[in-house]
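Single-letter residue listing:
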Amino acid sequence: AASRAASVALAASSAADNSFSPISNRVNSPTEVASARCRISSAAGVANGTVIQHFTSKQALMAEALKQLTREFDAISEAAEQSPTDDPAARLRAVVLAHLHPALCRRERLATWFAFWGEASARPIYRRLCRARDKAYYQRMESLVRELAWAGGYAELHVHAATHLLVAACEGIW
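This structure is a prediction, so every number in the text was calculated from the model and none was measured. (Residues numbered from 1 in each chain as written. Predicted model: local features only at pLDDT ≥ 70, side-chain atom pairs only at ≥ 80, totals over all residues. Heavy atoms only, no water.)

1. What to know about a nonpolar patch on the surface
Next up, step 1: Residues L97, L100 and I173 make up a contiguous nonpolar surface patch of about 240 Å² in total accessible area.
Next up, step 2: The residue I173 is located in helix α8 (residues 159-173) in this model. (Patch = residues over 30% accessible without salt bridge, like charges linked within 9 Å, V, L, I, M, F, W, Y side chains within 5 Å. Areas by Shrake-Rupley, 256 points an atom, 1.4 Å probe, with all protein chains shown as cover. Salt bridge = Lys/Arg side-chain N within 4 Å of Asp/Glu carboxyl O. Helix = DSSP H or I, 4+ residues; strand = E, 2+ residues; numbered from the N terminus.)

2. Some thoughts on the packing of helix α4 (residues 58-81) against helix α7 (residues 124-152)
Next up, step 1: Taken N-terminus to C-terminus, the directions of α4 and α7 make an angle of 5 degrees; their axes are 10 Å apart at the nearest point. Taken together, the axes of α4 and α7 lie roughly parallel to each other. In this structure, α4 contributes Q59, M62, A63, L66, K67, T70, F73, D74, S77, E78 and E81 to the contact, and α7 contributes I125, Y126, L129, C130, R133, Y137, R140 and L144. (Axes fitted to C-alpha atoms, helices over the stretch in contact; angles between N-to-C directions. Parallel < 35°, antiparallel > 145°, perpendicular 65-115°, else oblique. Contact = heavy atoms within 4.5 Å.)

3. Focus: the environment of L166
Next up, step 1: Among the secondary structure elements, L166 is positioned in helix α8.
Next up, step 2: If we ignore the near neighbours within four places in the chain, the residues touching L166 are L92, V96, M141 and V145.

4. Observations concerning the pattern of salt bridges
Next up, step 1: Evaluation of the coordinates by the stated rule reveals nine salt bridges.
Next up, step 2: Here E171 makes a salt bridge to R133, at a shortest N to O gap of 3.9 Å. Residue E171 is located in helix α8, and its partner R133 is located in helix α7; the two are separated by 38 residues in the primary sequence.
Next up, step 3: Given the relative accessible area of 32%, E171 is considered partly exposed.
Next up, step 4: Looking at R133, the relative accessible area reads 5%, which means it is buried.
Next up, step 5: One salt bridge in this structure joins E142 and R146, with 3.7 Å as the shortest N-O distance. Here E142 pairs with R146, and both are found in helix α7, just four residues apart, close to one helical turn.
Next up, step 6: The exposure class of E142 is buried, given its relative accessible area of 16%.
Next up, step 7: Judged by relative accessible area, which is 45%, R146 ranks as partly exposed.
Next up, step 8: What emerges from the salt-bridge pattern is a single network uniting D74, E78, E81 and R140. (Buried < 20%, exposed > 50% of the residue type's maximum accessible area, 1.4 Å probe, protein only.)

5. Here's the deal with the confidence of the model for the chain
Next up, step 1: Chain-level pLDDT for the chain is 78 on average; 68% of the residues reach the 70-or-more range.
Next up, step 2: Of all helices and strands in the chain, the one with the weakest mean pLDDT is helix α1 (residues 2-17) (54), whereas helix α5 (residues 88-98) scores best (92).
Next up, step 3: In this model residues 19-27 is a low-confidence stretch, pLDDT under 50, and it forms 26 contacts with partners more than four residues away in sequence or in other chains. (pLDDT = per-residue confidence, 0-100.)

6. Thoughts on the side chain of E81
Next up, step 1: Within the secondary structure layout, E81 lies in helix α4.
Next up, step 2: We classify E81 as buried; its relative accessible area is 15%.
Next up, step 3: A distance of 2.9 Å separates a polar atom in the side chain of E81 from a polar atom in the side chain of R140. (Polar contact = N/O pair within 3.5 Å; in protein donor to acceptor, adjacent residues only side chain to side chain.)

7. Comments concerning the nonpolar core
In globular proteins that are soluble, nonpolar side chains generally tend to be buried together.
Next up, step 1: Among the nonpolar cores identified, the biggest contains 28 residues, and F116, M141 and L166 are the most heavily contacted of them.
Next up, step 2: Elements represented by at least two residues in this core include exactly α4, α5, α6 (107-120), α7 and α8.
Next up, step 3: At eight residues, the largest contribution of residues to this core is made by α7. (Core = buried A, V, L, I, M, F, W, Y, C linked by side-chain atoms within 4.5 Å.)

8. Points about the packing of α4 against α5
Next up, step 1: The geometry of α4 relative to α5 is characterised by a closest axis approach of 7 Å and an angle of 160 degrees between their N-to-C directions. What the angle tells us is that α4 and α5 run roughly antiparallel. The two elements α4 and α5 cross, and the hand of that crossing is right-handed. Residue-level contacts link I76, S77, A80 and E81 of α4 to R91, A94, V95 and A98 of α5. (Left-handed = near helix turned anticlockwise from the far one by under 90°.)

9. So, the packing of aromatic side chains
Next up, step 1: Under the counting rule described, the total for this entry stands at one aromatic pair.
Next up, step 2: Relative to Y137, the ring of F73 lies with its centre 5.6 Å away and its plane at 70 degrees, an arrangement referred to as edge-to-face. Residue F73 is located in helix α4, and its partner Y137 is located in helix α7; the two are separated by 64 residues in the primary sequence.
Next up, step 3: Accessibility expressed as a relative area gives 0% for Y137, which makes it buried.
Next up, step 4: A cation over an aromatic ring shows up here: R133 above the ring of F73, its NZ or CZ 4.5 Å from the ring centre.
Next up, step 5: Positioned above the aromatic ring of Y137 is the side chain of R133, whose terminal nitrogen or guanidinium carbon lies 4.9 Å from the ring centre. (Phe/Tyr/Trp six-rings, centres within 6.5 Å; stacked < 30°, edge-to-face > 60°. Lys NZ or Arg CZ within 6 Å of the ring centre and 35° of its normal.)

Spelled out as structure tokens, the structure:
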């Protein structure tokens, strides 16, 4: 399990510096894939066979790296959302500020997210993973905005439009 986690972490980091980039407009040759696996296994301090055992393809490894990034973001965002307060504005503020959390707002993490988002339009697996994450995140944000509108007496607030604006602003922070 530790070797799998190390491989995934290295793949995510490598995506940011293009040493094992998910971005490619061509099919990688078996030699290129083997070479990339060797770099990942060497950097992770595990045998090449370990990476092959856990991930049958470059895409499988990169998809797992994207899932790991999503889990990290969700854990921090959800923890912020669960802050012990009855004030919906304070919870919404905490979720927005979670985008600036030191574990998330680092050059290599942001570069990795951008690499996956850029690739999502060309790779169905990344598109599916990004879409699922975006949908869940939007629903959580909309729930917070709806709660804030109700608690604050903002009957005129268009919750859907306000949520779109807020999500766009949060993603724009990066």
